[in-house]
Each structure stands twice: as C-alpha cells, then as structure tokens.
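Coordinate analysis (summary)
Okay, here's what each chain looks like letter by letter:
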Amino acid sequence: MDPELPQYARSSTRPLVPRPSAGSSSSSGSHRSAASWAPSEHSYHLTDSKGRQWLTLKVISSAPSSAYLPAFYEGDAIGGSVTLHREKEDSIKSISVQVIGQMTSSAMEVVDFMQVSETLWSFSSQSSNNSGTVAGHFDWPFALTLPTQCHCRSPNGDTQTYPLPGSFSERLARVHIQYQLIATVHRTRFRVDSTLGTVIGYCPIIRPDPPSRARQLAYIGNTELPGPDTDPDGWKCLEPLRVRGSVFSTRTVDARCTLALAKPLCYTRGSVIPCLMTVETTDPQALDLLSAPRSLLVRLLRQIATGEGTLRTPGGKKLPSLDFEREVQELATAVWQPDRSRQQYRRVLHGEIYLSAGLKPTCRLGTFELTVSPPALVRARVAEVQCRFTGAKYVVAVYPPRAAAFQPEGGGSSILQQEPVVIATAYAPGPRPRVNSPPGYDDASSMGQLSEFRTLR
C-alpha cells in the first residue's frame, strides 16, 4: 500500500448504488451509501370483470422509485413475489415466473436468446385435491439470478465468452435488447393461460482500473493533472498529427498536434475523459491561432452498428437476415483551458470531455451462436443466434483545427485520428475524477431509455 495514498474500501461483488435521500441535494446524495435508502417496490396486477385484483406481481429493484421500470445490475437477484387471490375455485395446473432476454429488430421476428424460469407452485406435486381447482389467498416469493456471461460459439466452432449484454435500445439502431419478467398462471387443457409481466432493465457492471498514482494525488489535492512528461504511466499519447494549412490565405504553415488521453481508456459516465493536446509549430502567429481553446476540435463519437447474419429460434426456425448498418453520433466536444506556460514554439492545453450520466455503456457482441449457462436449480432454455451485433462503440476523434484565419489543407470536416474508449457504469477504486467543465451535452437518444440506472460506486 502506498503510504501517500489513503486506503479505500475494496469494492464488493455487488457494488453500492448511490441514491439521494429525502431532502438532500442531488450532488450530495450521489455520494451517499446505498445503505441510506431502501429499494423500490413495483406492483403489477390482473383484475377480473368486476375490477378486483386476483393476480399481483411485486418486484423489488434498484430503481430510484416505483415510477421507473424495475432496474437490476449485474449480480443483483431479481426478487419479488406472486400473489394469487381467487374467491371461487379456478382450474390451475401451475404457477411460474421467468425472465426472458430478447433481441428484436424491425426487420425480423423476436428472438429469445435467454430464458431463466422457476416454478412457484405445481398442482401435481403440492396438492392432494384431485379436482385440479384452487381457491383462496396464496403468496409465493421468488428470486431469480441471471447468468453473468454468454458462451458464444462462432461459425468456425470456436467458443468465446462475452458478458451478458445490457438492455439496449437506440433510435438509430435496428437491433434492440430487452429483458422481461413474466408471471404465468398455467391452466388445464383447453383453457387459456394468464400472464402478467413487465419490461425490466439490466445493466452490466463495467468498472475502470484505478488511475495512475500521480493522478490520484492530483484529484485528492485538487491540483492540475500532471502531463505525460511527469506521469508517463497515466497517459496514452497518440501518434503526432501533421497539420498543414494556410494562414490569412497568404502563407503555408506546418504544425504538429499530439493528443494524449488519460489511462486507462475506460471512463465512467457522469465523469469526464481527461485529455491533453500539444501544438507545435515554428510560426508564432500560427501557433497562437491553432492553440486557442476554441480552435481545437476533439469529440466523443458513438458508433451504433448491426450486421447481417442468420438467426435461429430454439426450435430451429430460420429467421430473415439483417443488412449491415452503421450510424455515428457526435455526443460531446472537449473543452480546453489555455496554456499558461506559453513556450516559444509549443503550447500544451489541458481539456476534458464531459460524459452524460445517461450515456449507455459500451456494448460488444460479435458473430456468434449464443448459449446461456443456467444457474443451479433453475431451468433455462437455450437459443442459438447466428448474427453480428457490434452494439454501441465509442471513440475519441480528432478533427482539423477550426481557427480563425486558418484554412486546413483538404478541408476541415474529415476525421484525422480516432481512438476507441470504453464507457463504464461504475467508478474506479480511489478518488473520483474531478469535473471542471460544465455539462454541455444532453444525450437525447437515451432519455427515457434505462434512465432508472445510476452510476455505481
């Protein structure tokens, strides 16, 4: 243990989820322990012709309130109860609860890629009544656990392991992933089963490794982050870019721009991506133009892509394939601070890219046949899916400078360089990243989609 760094508590396998307590501000509440607030209870009902509730599904989740959809994080038990109230005898064979993971698209049918179920009550095994009828008030608790990994078999026969994908829905994507919790009353022959359920949100836990020791000390001391020269382990310096253009349309200048991103290249939503840009040129006027904070253009992009492939249901039915589709969204732009050192031929600007708390985490899936390993004592159905779904991928992109009186060679709209990054759902161990720039981005495509999830401690 480094004596100069404070010792932080180890993160458990089931991280705490911060929620604001009553009467506290959102900023102070976001740092409270999860033990200071109670989980939310969600209730769903079926009623008879007279409006009386006869079947109730209750769910306990990590959502901020019951107004949200039930939300669960990786490792959470999906728990609750099913209540049956029948004043008259009803022919019921069994009662079960299940969680179904579904992949849907506008171009195909729904594919169930994961199903975990549990029988709560069975007439044949728990009743001595030979008539097959049930009357009275009954309550059955349940607790289901989702598998944390998918075992994917590629077309060439290789088996790979991927984390269970989180709930995913985007306006620009043709593929959507959702999970449903369903309680079913199975009836006798020639009678229709009754189902009651809700869509639930599932969020995998993606946690960055701790930052460098030097950056942790800067966070604790509220000082400027040390650059690559003094903290080489804390930064990834990209290849220098040669930037050529004309100044005032009178002379051609050459400059070199080098972007550095804080390591590890995994950043928690609701925080920032620390970055650093070095601008070098022997032309003093061009150096002042190119190193102005508003001249440097670095953005966070999200690529949402699907691919073509073959899909098969558990019964072997072949479904239509998908055409490859890729959409790119510009999400956030780096905010830069001017260089106070002002060296003769070199400027170094510190910046950051603010990450909205509503960003969806990175989601990666490849070409695969998907099989799900069920937990012990719980039945699971296996589906096979052959497709390519790359999901949401994030990159930091560098564009030509947009300085006044500077015209870049070849135009200013093309991407000069990009570096993949991962958007996480939990904070790294140690001090929190410091946010200096005001939030300037609202992820409109994600609003109302899994907003019940908060950043984990």
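Read on for a plain summary of the structure. Quick caveat: nothing in here was measured; it's all calculated off a predicted structure.

What counts as what
Residues numbered from 1 in each chain as written. Predicted model: local features only at pLDDT ≥ 70, side-chain atom pairs only at ≥ 80, totals over all residues. Heavy atoms only, no water. Phe/Tyr/Trp six-rings, centres within 6.5 Å; stacked < 30°, edge-to-face > 60°. Helix = DSSP H or I, 4+ residues; strand = E, 2+ residues; numbered from the N terminus. Buried < 20%, exposed > 50% of the residue type's maximum accessible area, 1.4 Å probe, protein only. Polar contact = N/O pair within 3.5 Å; in protein donor to acceptor, adjacent residues only side chain to side chain. Salt bridge = Lys/Arg side-chain N within 4 Å of Asp/Glu carboxyl O. Arc of directions from axis to C-beta. Contact = heavy atoms within 4.5 Å. Pairing = 2+ DSSP bridges.

The tally for this structure, following the rule as stated, stands at three aromatic pairs. On the basis of an interplanar angle of 40° and a centroid distance of 6.4 Å, the ring pair of W121 and W140 is categorised as tilted. Separated by 19 residues along the polypeptide, W121 in strand β5 (residues 108-122) and W140 in strand β6 (residues 133-144) bring together distant segments of the chain. In this pair, the class of W121 matches that of W140, namely buried. Put simply, the rings of W121, F138 and W140 touch in pairs and so form one group of aromatic residues.

With that settled, consider unusual backbone geometry. For the bond running from K263 to P264, omega is 0°, close enough to zero to count as cis. Topologically, P264 is positioned in the loop between β13 (251-262) and β14 (266-268). With a phi close to 55°, S249 is a non-glycine residue in the positive phi region. Within the secondary structure layout, S249 lies in the loop between β12 (241-247) and β13. Relative accessible area serves as the criterion here: at 70%, S249 is assigned to the exposed category. If you check the backbone angles, A405 has positive phi at about 70° while not being a glycine.

Tracing the backbone shows D76 in the loop between β3 (71-73) and β4 (78-105). Only 3.4 Å separates the side chain of D76 from the side chain of S62, close enough to count as a polar contact.

A few words now on the pattern of salt bridges. Following the criterion strictly, the structure yields 14 salt bridges and no others. With its nearest N and O atoms 3.3 Å apart, the salt bridge here joins R242 to D254. Linking R242 in strand β12 with D254 in strand β13, this pair joins segments that are 12 residues apart in sequence. Taking the relative accessible area as the measure of exposure, R242 reaches 60% and is therefore exposed. A relative accessible area of 33% places D254 in the partly exposed class. With its nearest N and O atoms 2.8 Å apart, the salt bridge here joins R244 to D254. With R244 in strand β12 and D254 in strand β13, the pair connects residues that are 10 residues apart, well separated along the chain. Sharing partners across several salt bridges, the network here consists of R86, D90, R187 and R191.

Quick look at helix α3 (residues 213-221) now. Taken as a whole, α3 has its buried residues at R215, Q216, A218 and Y219. Seen from one end, α3 has its buried residues packed into an arc of 160°, which puts them on one side. As for α3, its buried residues are in contact with β11 (235-237), β13 and β15 (272-280). At the C-terminal side of α3, N222 shows a positive phi close to 55°.

With that out of the way, let us pick up the pairing of strand β10 (residues 194-203). Counting buried positions over the 10 residues of β10 gives seven, a clear majority of the element. As paired elements, β3 and β10 share three bridges and run parallel to each other. For F72, the partnering residue across the bridge sits in β10 and is Y202. Pairing of strand β9 (residues 175-187) with β10, which is carried by seven bridges, proceeds in the antiparallel orientation. The residue bridging L181 from the neighbouring strand is T198, located in β10.

Once that is clear, we can look at the environment of T188. By secondary structure assignment, the location of T188 is in the loop between β9 and β10. Taking C-alpha positions, T188 is 6.3 Å from S91, a pair spaced 97 residues apart along the chain.

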